[in-house]
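Chain by chain, the residues:
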Amino acid sequence: ITADGGGSNGSRVKLWKVELQKFANETGLNITANSNSPVDWINLNFDGPYGNIYGGGGGVSFEEIAPGVWEYSRTNVVSKYAPSGVYRYSNISVRNKGMLTSDVWLDDVGIEISNPPSLPDTSIRVTGVTLNLDTLILTAGGVPAAITVTIIPSDATNRAVTWTSSAPAVATVDATGLVIAVSAGTATITVTTEDGGHTATSVITVVVPVTAPAPAPALAPVAPAPAPAAVVEQRVAAGRPTVVKLEGVVEITVTAGAVTGDAPKITAQVLPEAAASPMLVRAVEAGLVAVGGVVQLTLTGGEFAGSVQFTLNFDAAKVAAGRVPSVFVYNERTGRWIYLGGQVGNGTVTVTVDRFSKFAVFASRPLPALADIATHWGRDSIRTRALCLIC
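Basis of the calculations
Residues numbered from 1 in each chain as written. Predicted model: local features only at pLDDT ≥ 70, side-chain atom pairs only at ≥ 80, totals over all residues. Heavy atoms only, no water. Pairing = 2+ DSSP bridges. Helix = DSSP H or I, 4+ residues; strand = E, 2+ residues; numbered from the N terminus. Contact = heavy atoms within 4.5 Å. Core = buried A, V, L, I, M, F, W, Y, C linked by side-chain atoms within 4.5 Å. Buried < 20%, exposed > 50% of the residue type's maximum accessible area, 1.4 Å probe, protein only. Expected span 1.5 Å × (residues − 1). Bend = angle between axes of the 7 residues up to and from the residue. Axes fitted to C-alpha atoms, helices over the stretch in contact; angles between N-to-C directions. pLDDT = per-residue confidence, 0-100. Phe/Tyr/Trp six-rings, centres within 6.5 Å; stacked < 30°, edge-to-face > 60°. Lys NZ or Arg CZ within 6 Å of the ring centre and 35° of its normal. 1 Å grid on protein atoms, 1.4 Å probe; cavity = no way out; pocket = protein on both sides within 12 Å on 5 of 7 lines; lining within 4 Å. Points joined across faces, edges and corners; volume = space filled by probe spheres on them. Salt bridge = Lys/Arg side-chain N within 4 Å of Asp/Glu carboxyl O.

### As for the sheet that holds strand S28 (residues 343-344)
Thought 1: With antiparallel pairing, five strands are arranged side by side in an open sheet as S18-S19-S25-S29-S28. Because the sheet does not close on itself, it has two edges, and the strands there are strand S18 (242-246) and S28.
Thought 2: Pairing of strand S25 (residues 308-313) with strand S29 (residues 348-353), which is carried by six bridges, proceeds in the antiparallel orientation. Its bridge partner lying in S29, leucine 312 is registered against valine 349.

Next comes the structure, spelled out in structure tokens:
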């Protein structure tokens, strides 16, 4: 661009600068680069009569106009107050994502990057996948169960997976691994990694609850038996033992002096299904089978000065062979069930605690014997952690 108007204060009313502005507004630069990887960086100078107006490099958006050919367009607008003289682009070069830079352009805006390297693959590939449950028994229409997937290695770049069921009419699975039992039968749940196509499976057995036959109609109307209470509250007697009992659910024995306070009161409540369901799902994830409801015990108006014993009832018919009924306490912070154990009786388990929370009886694997630590001071903690249920 060449301008000659006799100076910025000449007698031609700066008409040359008006024309210069028009020309600058309509003029641009198309830079074309050939490369086998995308071009995303440019260095260029835009010079005027008194030196560099714009110079430097940086990331820009090249458009791929053909396979392996990228184009970039640029227009520099010259101010109407710019001095007369020659304005031009100079020192143009580009760089691709392979960090290879072209030669500096001098005569032609077409630029070619010679033999650019392919971008290195820095991704961490998946080498395997596992599931936390090999087998699972669910009740049709019952509480869903979540299967947890582990990608190997844990820092793999592409951790995407897909879930499928071999028999959706028996059990379905969603994109998060949540299994819903539909009808009696067996289904294999398979998880497949997007990277490498690695698979792992879990066999789901769905059973249908047995419905008792309807009783014969009575000769005369009979009032229905009252439903068992779901909650009980009772004050703790000062200076003497107190027994708090929720019939068929739990019995709490407080020895004299174990609870102190002005007016201590103990509440025992069976949590409704809506409140208990999320906690029971976590139990299923840990391989536990619920054999009783979730019971919440609370103490108000006082505090523990000693230990308190309570006995939870459970359904012995739900305890499968090779399983042991045990009391667990729910950890609100981690969302996990923690093993407490207890003394098993006829449909009951008794434990001693020094605080109240949410408790339930689950059928779990027997704790390992670990005879070599029989006299170790941390024997109980080690055996419990070996069960893989401590948060």
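### Overview of the environment of threonine 260
Thought 1: Within the secondary structure, threonine 260 sits in strand S20 (residues 259-260).
Thought 2: For the pair threonine 260 and phenylalanine 304, spaced 44 residues apart in sequence, the C-alpha separation works out to 6.4 Å.
Thought 3: Threonine 260 has contacts with Gly302, Glu303 and Ala305, leaving out every residue within four places of it along the chain.

### Considering the nonpolar core
Thought 1: Within the largest apolar cluster, 30 residues are counted, with the highest numbers of intra-cluster contacts made by Val250, Ile252 and Phe310.
Thought 2: Taken together, the elements giving at least two residues each to this core come down to S18, strand S19 (250-254), strand S21 (265-270), strand S23 (295-300), S25, strand S26 (324-331), S29 and strand S30 (358-364).
Thought 3: The residues contacting valine 250, other than those within four sequence positions of it, are Val244, Lys245, Ala268, Val295, Phe310, Thr311, Leu312 and Asn313.

### Digging into helix H2 (residues 273-285)
Thought 1: With 13 residues, H2 extends 18 Å from end C-alpha to end C-alpha; this agrees with the ideal 18 Å at 1.5 Å per step.
Thought 2: Remark: the principal bend of H2, roughly 25 degrees, maps to methionine 279.
Thought 3: On its buried side, H2 packs onto strand S9 (135-139), strand S10 (145-146), S26, strand S27 (336-341) and S30.
Thought 4: Looking one or two residues past H2, glycine 287 carries a phi angle of roughly 85 degrees, positive in sign.

### Re the sheet that holds strand S6 (residues 88-96)
Thought 1: The strand order S3-S2-S6 describes an open sheet built from three strands, whose pairing is antiparallel. The open sheet terminates on both sides in strands that have one partner only, identified here as strand S3 (51-59) and S6. When the angles between neighbouring strand axes are averaged without regard to direction, this sheet yields 10 degrees.
Thought 2: Direction of pairing for strand S2 (residues 39-48) relative to S3: antiparallel, over a ladder of eight bridges. Within the sheet, the bridge partner assigned to asparagine 43 lies in S3 and is glycine 57.

### Comments concerning the confidence of the model for the protein chain
Thought 1: Taken over all residues, the pLDDT of the protein chain has a mean of 81, while the share at 70 or more is 76%.
Thought 2: Every residue in residues 1-13 scores below 50 in pLDDT, and together they form 20 contacts with partners more than four places removed in sequence or on other chains.

### Here's the deal with the packing of aromatic side chains
Thought 1: Scanning all chains against the criterion turns up seven aromatic pairs.
Thought 2: Ring pairing ties together the aromatic residues Phe328, Tyr330, Trp337, Tyr339 and Phe362, which thus form one cluster.
Thought 3: Arginine 95 extends its terminal NZ or CZ atom over the ring of tryptophan 41, reaching a point 4.6 Å from the ring centre.

### Digging into the layout of surface pockets
Thought 1: A volume near 1400 Å³ is recorded for the largest pocket.
Thought 2: Forming the boundary of the largest pocket are 43 residues, of which Ile137, Val284, Leu288, Val289 and Ala290 lie nearest the centre.
Thought 3: Looking at the lining of the largest pocket, the elements that each hand over two or more residues are S9, H2, strand S22 (289-290), S27 and S30.
Thought 4: Considering each element in turn, the lining of the largest pocket owes the most residues, eight residues, to H2.

### Details of the pattern of salt bridges
Proximity of charged atoms lets side chains of opposite charge pair with each other.
Thought 1: For the structure on display, the rule yields eight salt bridges.
Thought 2: Between arginine 282 and glutamate 285 there is a salt bridge, and its shortest N-O distance comes to 2.9 Å. Of this pair, arginine 282 and glutamate 285 both sit in helix H2, three residues apart, roughly one helical turn.
Thought 3: Relative accessible area serves as the criterion here: at 28%, arginine 282 is assigned to the partly exposed category.
Thought 4: Counted as one network, the salt bridges with shared partners bring together Lys245, Glu247 and Glu251.

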